[in-house]
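Residue-level listing of the chains:
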Amino acid sequence: MKTTNKGWLPVIGLTLSTFIFNTSEFIPIGLLSGIASDFAISESQAGLLITVYAWVVAIASLPLMLVFAKTENRRLMLSIVALFVFSHILSGVAANYNMLMISRMGVACSHAIFWSIVTPLAVRVAPEGKGPAALSMVVSGSSFAMIAGLPLGRTIGLMTGWRSAFLIIAALAAVVFFILAAVLPKTPSDSSFSLRKLPALIKSRALAGIFLVTLVAITGHFTAYSYVEPFLGQVAGFSATGITLILSMFGVVGIFGSFIFSRCYDRHPKPFLLLAVPGLCLLLLLFGPSAYSQVTAVLLCVLWGFAINSFNLTFQTEIIRNAPQGTSVAMSIYSGIYNVGIGTGALVGGSVCSDLGIPYIGYVGGAIALVAAVYFVRSLLPLLLRR
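The shown structure was predicted, so the numbers you read here are calculated from the model rather than taken from an experiment.

Turning to the overall build of the chain, a few remarks are in order. Within the chain one finds 15 helices and 0 strands. Scaling as 2.2 N^0.38, a compact globule of 387 residues should have a C-alpha radius of gyration of about 21 Å, and the chain matches this with 20 Å. In terms of principal-axis extent, the alpha carbons of the chain reach across some 55 × 50 × 40 Å. Within the chain, the fraction of its 387 residues that count as buried is 57%. In the chain, the proportion of contacts linking residues at least 24 apart, taken out of those at least 6 apart, comes to 86%. Within the structure as shown, the chain displays about 15,200 Å² of accessible surface, and the carbon and sulfur contribution to it stands at 69%. The positive charge centre, built from 22 side chains, and the negative charge centre, built from 10, are 12 Å apart in the chain.

And the structure:
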């Protein structure tokens, strides 16, 4: 049984990798204005970087995972991190918007496999009996990205240009590559899963419900979150520094939420599940009215960060619990659907900004999430609470 601190080194390495990957995924949110200005395009057009990225992940996740399902996990992880580094170098030297878009598509392909394997791999390499804690650690890497990665990338972008932000991510990812090469053990793939078993996996009522709720709720979330930077600046009246601090709060709350989750979810899942979907819906609907006071806007963003962190942790945990065989493939489907939601939400949010105005992104996002919340409470919650 692994009980020493050394047994946590692979999980720490994977946590660092989630920090880098999530920093990269959401960095355009903090740099939209700079990218749009540099290429003389609108913020809505720049927002297509988020949409196309997400849709490439959505389309590629399952096919790529099926292709590489029998590849040894350490080798696969190192390969996708290497692709990630190369693609960010290309982003940093992009001569035009199309080249930047192509480089982001390369990052998206690495992302498609990464999020299919990182959480189940973390559970497998963790010390025995520490799977939930390992999952919380890895997901907390995403929260650290909100605290330090995204705001720091935004700050660098404001000071030295958005290209520097991408190049620094490439350098940090190269460091993570060597850390993983040193600490990550060889781990056999889930070779027992085949394409023939896919229909049975999809027919699971709990998994199908998770996938459906994820699609709708994440579409609603990113309808608002994709344009949170211009909303906070133009509607709520925050300075550039204030926006950076608020974006950091998302991550601070996420780390706090991950700690609570690791201690409480197994015994008390219902509060986390209710916050994840109905709570997220309510907060989106209140996002617009919160802008009338900067205090209420900050408070809402804090609660919003807690809610989306609960969403990510609870649903990934339930996928692992409901798909003990073929977890990586189930996670790849989830990742793909999640990214359909990201891309669709960014597209809807862009349309709202263009046609209705930025103040309405929360109302539209909340209305979309309301559909997910109603289905979740009536149909999915009872299934997930069966232990």
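Relative to each other, helix H9 (residues 205-225) and helix H13 (residues 294-322) sit at 160°, their axes nearing to 11 Å. Relative to H13, the element H9 lies roughly antiparallel. For H9 against H13, the interelement crossing comes out left-handed. Along its contact with H9, which presents Ala206, Leu207, Ile210, Phe211, Val213, Thr214, Ala217, Ile218, His221, Ala224 and Tyr225, the element H13 presents Trp304, Ile308, Phe311, Phe315, Glu318, Ile319 and Asn322.

Let us look at the state of the cysteines. Within the structure shown, the criterion is met by 0 disulfides. We note that cysteine 281 lacks a disulfide partner, and the nearest cysteine sulfur, in cysteine 301, lies 17 Å from it. What makes cysteine 281 buried here is its relative accessible area of 4%. The thiol of cysteine 353 is unpaired, and the distance to the nearest cysteine sulfur, on cysteine 301, comes to 15 Å.

With that settled, consider the nonpolar core. Grouped together as the largest cluster of nonpolar side chains are 120 residues, with contacts concentrated most on Leu14, Met77, Trp304, Phe311 and Phe315. Among the elements that line this core, the one with the most residues is helix H5 (residues 97-125), at 14 residues. Setting aside its immediate chain neighbours within four residues, methionine 77 contacts Leu14, Phe114, Ile117, Val118, Leu121, Leu180 and Leu184.

Let us now look at the side chain of serine 226. Counting through the fold element by element, serine 226 comes out in the loop between H9 and helix H10 (228-234). Here the side chain of serine 226 touches phenylalanine 222 through a polar contact of 2.7 Å, landing on its backbone oxygen. Beyond its immediate stretch of four places on either side in the chain, serine 226 contacts Ile29, Leu32, Ile50 and Ala346.

Taken together, the side chains of Leu9, Ile12, Leu16, Val175 and Ile179 make up a nonpolar region of the molecular surface, amounting to roughly 360 Å² of accessible area. Every element with two or more residues in the nonpolar patch is listed here: helix H1 (9-38) and helix H7 (162-183). On the secondary structure map, valine 175 appears in helix H7. By relative accessible area, which is 48% here, valine 175 ends up partly exposed.

Moving on: the confidence of the model for the chain. Scored by pLDDT, the chain comes out at a mean of 84, with 91% of its residues at no less than 70. Taking the mean pLDDT of every element in the chain, the minimum, 67, falls on helix H8 (residues 198-202) and the maximum, 94, on helix H15 (residues 361-384).

With respect to the element layout, alanine 165 can be found in helix H7. The buried category is assigned to alanine 165, whose relative accessible area is 3%. Separated by 73 residues in sequence, alanine 165 and glycine 92 have C-alpha atoms that sit 7.7 Å apart.

Another aspect to go through is H15. Phenylalanine 376 marks where H15 bends most, by close to 55°. Within the span of H15, buried status applies to Ile361, Gly362, Gly365, Gly366, Ala369, Ala372, Ala373, Phe376, Leu380, Leu381, Leu383 and Leu384. In this structure, the buried residues of H15 make contact with H9, H10, helix H12 (269-290), H13 and helix H14 (327-355).

Looking now at the layout of surface pockets. There is about 170 Å³ of room inside the second largest pocket. The wall of the second largest pocket is formed by Val123, Gly131, Pro132, Leu135, Phe261, Ser262, Arg263, Cys264, Tyr265, Asp266, Thr317 and Ile320. Within the residue set of the lining of the second largest pocket, elements represented by two or more residues are helix H6 (131-160), helix H11 (240-264) and H13. For the lining of the second largest pocket, the element with the most residues is H11, which contributes 4 residues. For the lining of the second largest pocket, the per-class residue count stands at 7 nonpolar, 3 polar and 2 charged.

So, about the packing of H5 against H14. Running from amino to carboxyl end, H5 crosses H14 at an angle of 130°, the nearest separation of the two axes being 8 Å. With respect to each other, H5 and H14 are oriented oblique. Like other packed secondary-structure pairs, H5 and H14 cross with a definite hand, here right-handed. Only Thr327, Ser328, Met331, Ser332, Ser335 and Asn339 of H14 make contact with H5, whose side of the interface consists of His111, Trp115, Ser116, Ile117, Thr119 and Pro120.

Right, let's get into the pattern of salt bridges. Counting across every chain of the model gives 2 salt bridges. The shortest N-O distance in the salt bridge between arginine 163 and aspartate 38 comes to 3.6 Å. Residue arginine 163 is located in helix H7, and its partner aspartate 38 is located in helix H1; the two are separated by 125 residues in the primary sequence. Owing to a relative accessible area of 26%, arginine 163 belongs among the partly exposed residues under this scheme.

Considering all chains together, one arrives at 19 aromatic pairs under this definition. Taken together, a centroid distance of 5.9 Å and an interplanar angle of 85° make the contact between tyrosine 225 and tryptophan 304 edge-to-face. Of this pair, tyrosine 225 sits in helix H9 while tryptophan 304 sits in helix H13, placing them 79 residues apart in sequence. On the basis of relative accessibility, which here comes to 1%, the residue tyrosine 225 falls in the buried class. Through a chain of ring-to-ring contacts, the aromatic side chains of Phe222, Tyr225, Phe231, Phe287 and Trp304 assemble into a single cluster.

Definitions and cut-offs
- Within each chain, residue numbers correspond to sequence positions counted from 1 in written order.
- Note on the predicted model: pLDDT of at least 70 is required for a residue's local features to be given, and 80 or more for side-chain atom pairs to be given and counted; whole-chain, interface and lining totals, by contrast, use all residues.
- Side-chain descriptors were evaluated using all non-hydrogen atoms of the structure, hydrogens and water having been removed beforehand.
- What counts as a helix is a DSSP run of H or I of at least four residues, what counts as a strand is a run of E of at least two, and both are numbered from the N terminus.
- Here the globule rule reads 2.2 Å times residues to the power 0.38, and the radius of gyration is calculated from C-alpha atoms.
- Only protein chains enter the accessibility calculation, which uses a 1.4 Å probe; a residue whose area is less than 20% of its type maximum is buried, one above 50% is exposed, and one in between is partly exposed.
- A contact between two residues is defined here by any heavy atoms of the two lying within 4.5 Å.
- In these tables, accessible area is a Shrake-Rupley quantity obtained with a 1.4 Å probe, and a residue counts as shielded only by the protein chains included in the view.
- Within this scheme the basic residues Lys and Arg register as positive and the acidic residues Asp and Glu register as negative, but His and the chain ends are omitted.
- To locate a charge, take atom NZ for lysine, CZ for arginine, CG for aspartate or CD for glutamate.
- Throughout, an axis means a line fitted to C-alpha atoms (over the contacting stretch in the case of helices), and angles, computed between N-to-C directions, take values from 0 to 180 degrees.
- For this classification, under 35 degrees means roughly parallel, over 145 means roughly antiparallel, 65 to 115 means roughly perpendicular, and everything else is oblique.
- Here a crossing is taken to be left-handed if its near helix is turned anticlockwise relative to the far helix by less than a right angle, and right-handed if that turn runs clockwise.
- Disulfides are defined as pairs of cysteine sulfur atoms found within 2.5 Å of each other.
- The set of buried Ala, Val, Leu, Ile, Met, Phe, Trp, Tyr and Cys residues whose side-chain atoms join them within 4.5 Å is what this entry labels a nonpolar core.
- Here a polar contact is taken to be a pair of N or O atoms separated by no more than 3.5 Å, where protein atoms must pair a possible hydrogen donor with a possible acceptor and residues adjacent in sequence count only if both atoms sit in side chains.
- Patch membership requires over 30% relative accessible area and the absence of a salt bridge. Like charges are linked within 9 Å, and nonpolar side chains (Val, Leu, Ile, Met, Phe, Trp, Tyr) within 5 Å.
- Here, a salt bridge means any Lys or Arg side-chain nitrogen found within 4 Å of an Asp or Glu carboxyl oxygen.
- A score from 0 to 100, pLDDT tells how confident the predictor is in each residue.
- Axes are fitted to the seven residues ending at a residue and to the seven starting at it; the angle between these axes is taken as the bend at that residue.
- Here a cavity denotes a set of grid points, spaced 1 Å apart and computed over the protein atoms alone, in which a 1.4 Å probe fits but from which it cannot get out, and a pocket denotes an open set meeting protein on both sides within 12 Å along at least five of seven lines; residues with an atom within 4 Å of a point are reported as lining.
- Grid points are joined across faces, edges and corners, and a volume is the space filled by probe spheres set on the points.
- Note that Gly is not counted as nonpolar here; it falls among the polar residues with everything else outside the nonpolar set of Ala, Val, Leu, Ile, Met, Phe, Trp, Tyr, Cys and Pro and the charged set of Asp, Glu, Lys and Arg.
- To pair, rings of Phe, Tyr and Trp, with the six-membered ring standing in for Trp, must have centres within 6.5 Å; the planes then decide the type, stacked if under 30 degrees apart, edge-to-face if over 60, and tilted in the middle.

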